[in-house]
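Chain by chain, the residues run as shown.
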Amino acid sequence: MVNIDDYMQRLQLVLQQVFGNRLLYLGLQGSYRRGEETPTSDIDAMVILDYFTIQDMDLYRKTVTNLTPEEQTCGFICGKQELLHWNPGEICQLIHETKDYYGNLKDFVPEYTLQDVKNHIKVNVGNLYHGLCHEFIHSSQGVEKEQLQFAYKSIFYLLQNLHFIRTGKFILKKQDLASYLEGLDLQVLQTAESVKIKEFNGQHAFQLLFGWCQQVLHTIDC
């Protein structure tokens, strides 16, 4: 696995060589940020430039490809103005899950409220609910296992935000979050991990996720 602190230091130096003082921020997200990385984990770096063009995108791609295998490099890059006008519902997640390496992320994001976070959860759970219903009704085979695996990918992040609006605490790691959850919340988090394996009970996973979506939509404003 990659020595992440060494990688981020090298990335910062190279980005400063490529972009100069246009580099405003560098941070780390994802499994390496949480200390849950595996040998196949992506490196989720977050980069903010003073402005961002397609040419910058090409330069960034070449830069990270030279640092580490391309398939391992992921993350988010944007211009300052785009981020300042970002959906405030996503800012809670962004701030809490990102480790600052160069600059302070809070200086570049809009303010958010608990209602913004609630709205973000409702939109995403509503989309998930709609997708499950659509696939079940219109697919001759019902909801395929691959589609369930994709649907479950967002569960951890939604549960992080739900726990935050309920308690005011943002829990970074999956194992730590699981210790705070119970009922359907805990079951869908555990199932989100089990569906990463090809062999799982698709019908059970579908019913559980559908019921969880209903529960969240019924209770999020309570």
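Colleague: Before we go on, may I ask you to explain the overall build of the protein chain in this structure?
Modeller: Within the protein chain, the regular secondary structure consists of 11 helices and 4 strands. Computed over the C-alpha atoms, the radius of gyration of the protein chain is 19 Å, within 12% of the 17 Å expected from 2.2 N^0.38 for a compact globule of 222 residues. A principal-axis box enclosing the C-alpha atoms of the protein chain has dimensions of 50 × 35 × 35 Å. When burial is assessed residue by residue, the protein chain has 43% of its 222 residues classed as buried. For the protein chain, the proportion of contacts with a sequence separation of at least 24, taken over those separated by at least 6, is 72%. Distance between charge centres in the protein chain, computed from 19 positive and 27 negative side chains, equals 2 Å.

Colleague: What exactly am I supposed to notice about the pairing of strand β1 (residues 23–29) here?
Modeller: Look at any regular strand and the pattern is simple: side chains alternate between the two faces of the sheet. In terms of burial, β1 is largely enclosed, as 6 of its 7 residues are buried. As paired elements, β1 and strand β2 (residues 43–49) share 6 bridges and run antiparallel to each other. Residue pairing in the sheet places G27 in a bridge with M46 of β2.

Colleague: It is not clear to me how the nonpolar core should be interpreted in this structure. Could you clarify?
Modeller: In summary, soluble globular proteins display a tendency toward joint burial of nonpolar side chains. Ranked by size, the top nonpolar core spans 34 residues in total, and within it Y152, I155, L159 and W212 carry the most contacts. Core analysis: the second largest hydrophobic core is formed by 18 residues, L11, Y60, V64 and L67 among them.

Colleague: Just checking my understanding: could you explain helix α3 (residues 54–67) for this structure?
Modeller: Since the α-helix advances by 3.6 residues per turn, residues separated by three or four positions end up pointing in the same direction. With 14 residues, α3 extends 20 Å between its outermost C-alpha atoms, agreeing within 8% with the 20 Å of an ideal straight helix rising 1.5 Å per residue. Listing the buried residues of α3 in full gives D56, Y60, T63, V64 and L67. Along the axis of α3, the buried positions cluster into a sector of 90 degrees, meaning they face one direction only. For α3, exposure combined with an orientation more than 90 degrees from the buried face picks out I54, Q55 and N66. Among the structural elements, α1 (4–19), β2 and β3 (73–79) are those in contact with the buried residues of α3. Measuring from the side-chain oxygen of the N-cap residue of α3 to the backbone nitrogen of Q55 gives 3.3 Å; that N-cap residue is T53.

Colleague: Hey, could you run me through the layout of surface pockets in this one?
Modeller: Over the atoms, a rolling probe the size of a water molecule traces out where space has been left empty. One number sums up the size of the largest pocket: a volume of about 1200 Å³. Around the largest pocket, the lining is made up of 34 residues, and of these G30, R34, E97, K153 and Y157 lie nearest the centre. Those elements that provide at least two residues to the lining of the largest pocket are α2 (30–34), β3, α5 (91–97), α6 (114–138), α7 (145–152), α8 (155–167) and α10 (183–194). Of the residues contributing to the lining of the largest pocket, the split by class is 11 nonpolar, 13 polar and 10 charged. Considered as a void within the structure, the second largest pocket measures approximately 300 Å³ in volume. Elements that contribute at least two residues to the lining of the second largest pocket include exactly α6 and α7. For the lining of the second largest pocket, the element with the most residues is α6, which contributes 6 residues.

Colleague: Quick question: what am I supposed to make of the sheet that holds β2 here?
Modeller: For sheets, the rule is that strands pair by backbone hydrogen bonds, running either parallel or antiparallel. Spatial strand order, β3-β2-β1-β4: 4 strands in an open sheet with mixed pairing. In this open sheet, the two strands that pair with only one neighbour each are β3 and β4 (99–102). In this sheet, neighbouring strand axes are inclined to one another by 25 degrees on average, regardless of whether the strands run parallel or antiparallel. Packing against the sheet, α1 makes contact with β1, β2, β3 and β4, and its axis sits at approximately 155 degrees to β1.

Colleague: What am I meant to see in the pattern of salt bridges here?
Modeller: A side chain of one charge can pair with a side chain of the opposite charge when the charged atoms of the two come close. Throughout the structure, instances matching the rule amount to 10 salt bridges. Across the pair D58 and K62 runs a salt bridge whose closest N-O atoms are separated by 3.2 Å. Of this pair, D58 and K62 both sit in helix α3, 4 residues apart, roughly one helical turn. Its relative accessible area of 30% is what places D58 among the partly exposed residues. Looking at K62, the relative accessible area reads 43%, which means it is partly exposed. In this structure, D221 and K122 form a salt bridge, with 3.3 Å as the shortest nitrogen-oxygen distance. One end of the pair, D221, is in the segment after α11 (202–219); the other, K122, is in helix α6, with 99 residues separating them in the sequence. Accessibility expressed as a relative area gives 28% for K122, which makes it partly exposed. Sharing partners across several salt bridges, the network here consists of R22, D50 and D56.

Reading guide: rules and limits
- Residues numbered from 1 in each chain as written.
- Predicted model: local features only at pLDDT ≥ 70, side-chain atom pairs only at ≥ 80, totals over all residues.
- Heavy atoms only, no water.
- Helix = DSSP H or I, 4+ residues; strand = E, 2+ residues; numbered from the N terminus.
- Rg over C-alpha atoms; globule rule 2.2 N^0.38 Å.
- Buried < 20%, exposed > 50% of the residue type's maximum accessible area, 1.4 Å probe, protein only.
- Contact = heavy atoms within 4.5 Å.
- Lys, Arg positive; Asp, Glu negative; His and termini not counted.
- Charge placed at Lys NZ, Arg CZ, Asp CG, Glu CD.
- Pairing = 2+ DSSP bridges.
- Core = buried A, V, L, I, M, F, W, Y, C linked by side-chain atoms within 4.5 Å.
- Expected span 1.5 Å × (residues − 1).
- Arc of directions from axis to C-beta.
- Polar contact = N/O pair within 3.5 Å; in protein donor to acceptor, adjacent residues only side chain to side chain.
- 1 Å grid on protein atoms, 1.4 Å probe; cavity = no way out; pocket = protein on both sides within 12 Å on 5 of 7 lines; lining within 4 Å.
- Points joined across faces, edges and corners; volume = space filled by probe spheres on them.
- Nonpolar A, V, L, I, M, F, W, Y, C, P; charged D, E, K, R; others polar.
- Axes fitted to C-alpha atoms, helices over the stretch in contact; angles between N-to-C directions.
- Salt bridge = Lys/Arg side-chain N within 4 Å of Asp/Glu carboxyl O.

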